[in-house]
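Now for the letters of each chain:
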Amino acid sequence: MSSDGSRRVVLVHGLWFGAWSLRLLARRLRRAGFEPRRFRYRSTRGDFDEHARNLRRFAFEGEGAVHFVAHSLGGLLTLRMAAGVPAAEVGRIVLLGSPVQGSGTARKALSLPGGKRLLGRAAGPLQSGCADLPPGVEVGTICGTRNVGLGWLVGGIPGPADGTVTVRETRCDGLKEHLEMPASHTGMLFSKAVALRVARFLGAGSLTLDA
């Protein structure tokens, strides 16, 4: 990984959300000395690979490495994009509640009336996940343990979870760090404590504040 002290950060939202959902996190990262930009895409429409190409074009303007902070489905999109980018161009990546092992909640939702329409083109990526991390890039994951969210609408999800994604679904080989925090799937976007950990990882490569 070659971050070269980069302060540029691209934020990527998750399913059904827009760039607006990342406004507070962007503000906190800006106060921490970073230069955040928020990427928009139509999460349930359009081809996922095309979204990845658009993200690449959006992110890599100018010279130097770019960091990424991505929520949920946005993390899968970021990993898909980073797989086709030289490692020297990518700084560090922080995933927030991203189901890299695939989402059990999404699979259950597809079996419900209207589920296919609800998930749209995001159904495939959410079911398959993206457990292959880009080589040479430091990736950290923060997952929530406050089990309140969409999962209850599809009958609940087993084990520790953030209400939508289980802790197990956020783990994969090659992660530099994996941290559990008392937040819900959506709540982590608005958590000051989560923002502090994100800033720490982007700047120092660790989710531990006293590292």
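Quantities reported herein were computed from a predicted structural model and do not represent experimental measurements. (Residues numbered from 1 in each chain as written. Predicted model: local features only at pLDDT ≥ 70, side-chain atom pairs only at ≥ 80, totals over all residues. Heavy atoms only, no water.)

Chemist: Just to check I follow, could you spell out the overall build of the chain for this structure?
Modeler: From N to C terminus, the chain includes 7 helices and 6 strands. Rg of the C-alpha trace for the chain: 16 Å, near the compact-globule value of 17 Å for 211 residues, within the 12% margin. In terms of overall dimensions, the chain has C-alpha extents of about 50 × 35 × 30 Å along its principal axes. The buried share of the chain, reckoned over its 211 residues, is 54%. Long-range pairs, those at least 24 residues apart, make up 72% of the contacts in the chain between residues at least 6 apart in sequence. (Helix = DSSP H or I, 4+ residues; strand = E, 2+ residues; numbered from the N terminus. Rg over C-alpha atoms; globule rule 2.2 N^0.38 Å. Buried < 20%, exposed > 50% of the residue type's maximum accessible area, 1.4 Å probe, protein only. Contact = heavy atoms within 4.5 Å.)

Chemist: Please clarify how the environment of Val100 should be interpreted in this entry.
Modeler: Residue placement: Val100 occurs in the loop between strand 4 (90–96) and helix 4 (104–110). With 95 residues separating them in the primary sequence, Val100 and Ala195 have C-alpha atoms 21 Å apart. Setting aside residues no more than four positions away along its own chain, Val100 makes contact with Leu76, Leu79, Leu95, Ser128, Gly129, Cys130, Ala131, Glu169, Thr170, Arg171 and Cys172.

Chemist: Explain the nonpolar core to me, please; I cannot follow it from the model alone.
Modeler: Most often, soluble globular proteins keep nonpolar side chains buried together rather than apart. Among the nonpolar cores identified, the biggest contains 37 residues, and Phe68 and Ile93 are the most heavily contacted of them. At the level of elements, strand 1 (8–12), helix 2 (48–59), strand 3 (66–71), helix 3 (73–82), strand 4, helix 4 and helix 6 (123–128) are the ones that each hand at least two residues to this core. Broken down by element, this core gets its largest block of residues, 6 residues, from helix 3. Discounting chain neighbours no more than four positions away, the residues touching Ile93 are Phe68, Thr78, Leu79, Ala82, Pro134, Val137, Glu138, Val139, Gly140 and Phe201. Leu25, Leu189, Val198 and Leu202 belong to the second largest nonpolar core, which has 23 residues in total. (Core = buried A, V, L, I, M, F, W, Y, C linked by side-chain atoms within 4.5 Å.)

Chemist: Got a minute to help me understand the pairing of strand 3 in this structure?
Modeler: One face of the sheet, then the other: side chains in a regular strand alternate in exactly this way. The buried fraction of strand 3 amounts to 6 of the 6 residues, a majority that puts the element mostly inside the structure. Here strand 3 shows no split at all, with Val66, Phe68 and Ala70 on one side and His67, Val69 and His71 on the other all buried. Inspection of the sheet shows strand 1 paired to strand 3 by 4 bridges, in the parallel sense. Bridged to Leu11 within strand 3 is Val69. Where strand 3 and strand 4 come together, 5 bridges link them in parallel fashion. Within strand 4, the position partnered with Val66 by the bridge is Val90. Between the parallel pair strand 3 and strand 4, the chain is carried across by helix 3, and the sense of this crossover is right-handed. (Pairing = 2+ DSSP bridges. Right-handed = clockwise from strand over helix to strand, strands pointing away.)

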